[in-house]
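Chain by chain, the residues:
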Amino acid sequence: MPLFEGLLTHKQAGPVQFHIPGHKKGTGMEPSFREFIGENALGIDLINIAPLDDLHHPQGMIKDAQDLAAQAFGADHTFFSVQGTSGAIMTMIMSVCGPGDKIIVPRNVHKSIMSAIVFSGATPIFIHPEIDPELGISHGITTSAVEKAIRTHPDAKGLLVINPTYFGVSANLKEIVTISHRAGIPVLVDEAHGVHIHFHDDLPLSAMQAGADMAATSVHKLGGSLTQSSVLNVKDGLVNADRVQSIISMLTTTSTSYLLLASLDAARKHLYTSGRDLIEQAIKLADETRERINRIPGFTCYGMEMLDDHAIYDMDPTKLTISIKELGISGYEVEVWLREKYNIEVELSDLYNILCIISFGDDSASSDLLVEALTVLSEQYRENIAVYRKKDVPVSVPNIPTLAYSPREAFYAETEQVLLAESSGRVSAEFVMVYPPGIPILIPGEIIEEENLDYISKNIEAGLPVQGPEDASLTYIRVIRERKPIL
């Protein structure tokens, strides 16, 4: 671990610091916080002085750590990100797209992707992901949809794929890469929820294994590094690695956190040397938990039986997507109940599901508690379950609106605020999303329709965290100003 070990050596040398950070190893910090964080962490909370290398121009220990990460992930270059995977995603898109350039993306992308499209001035060409009518969520994109998009827009500068999705579903990434490369189009992968898949053969192919050109990968989510630390993996060929370095430097703070960087170095070693065995245990625990949940009335936890040759080509079994609609309540209500009654926090909830993640940080005790809680909840709603099974309850799926302006045009256009309830037919100048997962219901430039407003209302009524507009109360939304003719 060249970076972590280098920081330890520097700390042990005990240099007198006439540089930032001003807390000077914690001595200038509020005492109770200093005591809580501890001397070890504060002793390596440093700044990019010469002995510690510089993330913006790595030549020493940071370069060595990034080179080892590239070997671990099967990349030609790996760039550390202290701006999270959002920063890495923005770097990917801005490395290949400029104003007016087309980029092919699935519509169920994270808000950071749409933000990067606004910043770059690129025009998104949306592929509609496959919608699951049972769960009410989006899955992957099909190879046929990719072929059609490239045939229609052969001048696209990039194709972005989510692998895997927030819910653990992967499309046929290897074939998608082949199709895209045949047209000379680089493949960019949002791998925020898939750092671990590279290190176990029973999980979906990672971006680098599938031959993708770039992948923004959240090491902090499921790989054991500190929150906000991620990597950007790059392969030579259709992408210029020097330009990637330039772009990521533009988007990165000059006060880079060495705590975050060191945690990336340590997490890489842990994944490379022990990842397979640890992930094996997590898969086994997840499979056992899924089987137990499926025996509880009112809950369905889907698994490998979902697979097909299209949008659900493969899946990560450590993601437990648990359908709760038979209870007759929302996923958010289940989330709150689990929090208040059992002190359990889930990854996310929506109208019909909760998502629980099993990682190599879990054990049978946490799994047992989840199963116990769901069993009690099932008994509490047994009458609702009986009623549900006698009728067909439809699942509401968000409508994908029509894009009238590029997101950048709409974001910077002359705008006005109108009542959200009366905005149908207007062009949105803001994002509206439920976070998590952060997939926009509306993006700047899309025409608002009644179906979108109905879906937003359902999420608000269910208590889900709808956000995005300047008006936090969600009473108003900013739209492009309409100019009436002068009479």
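Scroll up to find the structure.
None of the values given here were measured: they were computed from a predicted structure.

J.: So what exactly am I meant to see when it comes to the overall build of the protein here?
T.: What the protein contains, in helices and strands, is 17 helices and 20 strands. The C-alpha atoms of the protein give a radius of gyration of 24 Å, which matches the 23 Å a tight globule of 487 residues would have. Reported as C-alpha extents along the three principal axes, the dimensions of the protein are approximately 70 × 65 × 50 Å. Across the 487 residues of the protein, 54% fall into the buried class. Excluding contacts between residues fewer than 6 apart, the proportion of contacts in the protein whose partners are at least 24 apart in sequence is 72%. Looking at the protein as shown, the accessible area adds up to about 21,400 Å², and 51% of this sits on carbon and sulfur atoms. A gap of 2 Å separates the mean positions of the 38 positive and 63 negative side-chain charges of the protein.

J.: How do you make sense of helix α17 (residues 450-461) when you look at a structure like this?
T.: For the α-helix, the turn length of 3.6 residues means that residues three or four positions removed from each other point alike. Between its first and last C-alpha, α17 extends 16 Å over 12 residues, near the 16 Å set by a 1.5 Å rise per residue. When α17 is considered as a whole, its buried residues turn out to be N452, L453, Y455, I456 and N459. Projected down its long axis, α17 shows its buried positions confined to an angular sector of 160 degrees, all on one face. As for α17, its buried residues are in contact with β17 (432-434), β18 (439-442) and β19 (466-467). Taken from the residues just after α17, G463 is the one with a positive phi, measuring 90 degrees.

J.: Whenever I open this one, the sheet that holds strand β2 (residues 102-106) confuses me. Can you help?
T.: Strand pairing within a sheet occurs via backbone hydrogen bonds; the two strands may be parallel or antiparallel. Taken in spatial order, the seven strands make up an open sheet running β1-β10-β9-β8-β6-β2-β3, and their pairing is mixed. Two strands lie at the open edges of the sheet, namely β1 (77-81) and β3 (123-127), each paired on one side alone. Strand-to-strand twist of the sheet, defined as the mean angle between neighbouring strand axes without regard to direction, takes the value 20 degrees. Pairing analysis gives four bridges linking strand β6 (residues 158-162) to strand β8 (residues 187-191), with the strands arranged parallel. Bridge pairing links I162 to D190 in β8. Against the sheet, helix α4 (residues 61-73) makes contact with β1 and β10 (230-234), and its axis sits at roughly 120 degrees relative to β1, the strand it touches most. On top of the sheet, helix α7 (residues 143-152) reaches β2, β3 and β6; it is set at about 145 degrees to β3, its chief contact.

J.: Teacher, can you tell me more about helix α12 (residues 258-293) here?
T.: Given a rise of 1.5 Å per residue, 36 residues ought to cover 52 Å, yet the end C-alpha atoms of α12 are separated by just 41 Å, more than 12% below that figure. Most pronounced at S274, the bend in α12 amounts to some 75 degrees. Sitting at the head of α12, S257 places a side-chain oxygen 3.4 Å from the backbone nitrogen of L259.

J.: I'm lost on the packing of α7 against helix α8 (residues 173-182) in this one. Help?
T.: Two quantities define a packed helix pair, namely the angle between the axes and the distance from one axis to the other. Across the interface, α7 lies against α8 with an axial gap of 10 Å and an inter-helix angle of 15 degrees. What the angle tells us is that α7 and α8 run roughly parallel. In this structure, α7 meets α8 at a crossing whose hand is right-handed. Contacts from T143, V146, E147 and I150 of α7 reach α8 at E175, I176, I179 and S180. For the contact of α7 with α8, the class distribution of residues is four nonpolar, two polar and two charged.

J.: What is the right way to look at the nonpolar core in this model?
T.: Most often, soluble globular proteins have nonpolar side chains that are buried together. With 31 residues, the main nonpolar core has I93, M214 and L232 as its most contacted residues. Of all elements in the fold, only α5 (84-96), β2, α6 (111-120), β6, β9 (214-217), β10 and α11 (241-251) reach the threshold of two or more residues within this core. Looking at which element gives the most residues to this core, the answer is α5, with six residues. Apart from residues no more than four positions distant in its own chain, L232 is found in contact with H77, T78, F79, A88, T91, M92, M214, A215, A216 and V244.

What counts and how
For every chain, the first residue of the written sequence is number 1, and numbering continues from 1 along that sequence. Where local features are concerned, this predicted model is filtered to residues with pLDDT of at least 70; where side-chain atom pairs are given and counted, the filter is 80 or more; whole-chain, interface and lining totals use all residues. Side-chain descriptors were evaluated using all non-hydrogen atoms of the structure, hydrogens and water having been removed beforehand. Each helix corresponds to a stretch of at least 4 residues labelled H or I by DSSP, and each strand to a stretch of at least 2 residues labelled E; elements are numbered beginning at the N terminus. Atoms counted for the radius of gyration: C-alpha only. Globule rule: 2.2 Å times the number of residues to the power 0.38. With a 1.4 Å probe rolled over the protein chains alone, any residue whose accessible area is under 20% of its type maximum counts as buried; one over 50% counts as exposed, and the rest are partly exposed. The contact criterion used is simple: two residues touch if any of their non-hydrogen atoms lie within 4.5 Å. Where accessible areas are quoted, they stem from the Shrake-Rupley method and a 1.4 Å probe; at the residue level, only the protein chains shown are allowed to cover. The charged-residue count follows a simple rule in which Lys and Arg add positive charge and Asp and Glu add negative charge, with His and chain termini not counted at all. Every charge is mapped onto a representative atom, which is NZ of Lys, CZ of Arg, CG of Asp or CD of Glu. Expected span, for any helix, means 1.5 Å times one less than how many residues it has. Think of it as the arc spanned by the lines of direction from the helix axis to the C-beta atoms. One requirement defines pairing of two strands: DSSP has to find at least two bridges between them. Axis definition: a line fitted to C-alpha atoms, limited for helices to the stretch in contact. Angles are taken between N-to-C directions and run from 0 to 180 degrees. Working definition for bend: take the seven residues up to and ending at a residue and the seven starting at it, fit an axis to each, and measure the angle between the axes. Polar contacts, as used here, are pairs of N or O atoms within 3.5 Å; protein pairs need one atom able to donate a hydrogen and one able to accept it. Residues neighboring in sequence count only if both atoms are side-chain atoms. If an angle is under 35 degrees, it is roughly parallel; if it is over 145, roughly antiparallel; if it lies from 65 to 115, roughly perpendicular; otherwise it is oblique. Two helices crossing with the near one rotated counterclockwise from the far one by less than a right angle form a left-handed crossing, whereas a clockwise rotation gives a right-handed crossing. Side-chain classes are defined by residue name, with Ala, Val, Leu, Ile, Met, Phe, Trp, Tyr, Cys and Pro counting as nonpolar, Asp, Glu, Lys and Arg as charged, and the others, Gly among them, as polar. Among the buried residues, those of types Ala, Val, Leu, Ile, Met, Phe, Trp, Tyr and Cys that are joined through side-chain atoms within 4.5 Å form a nonpolar core.

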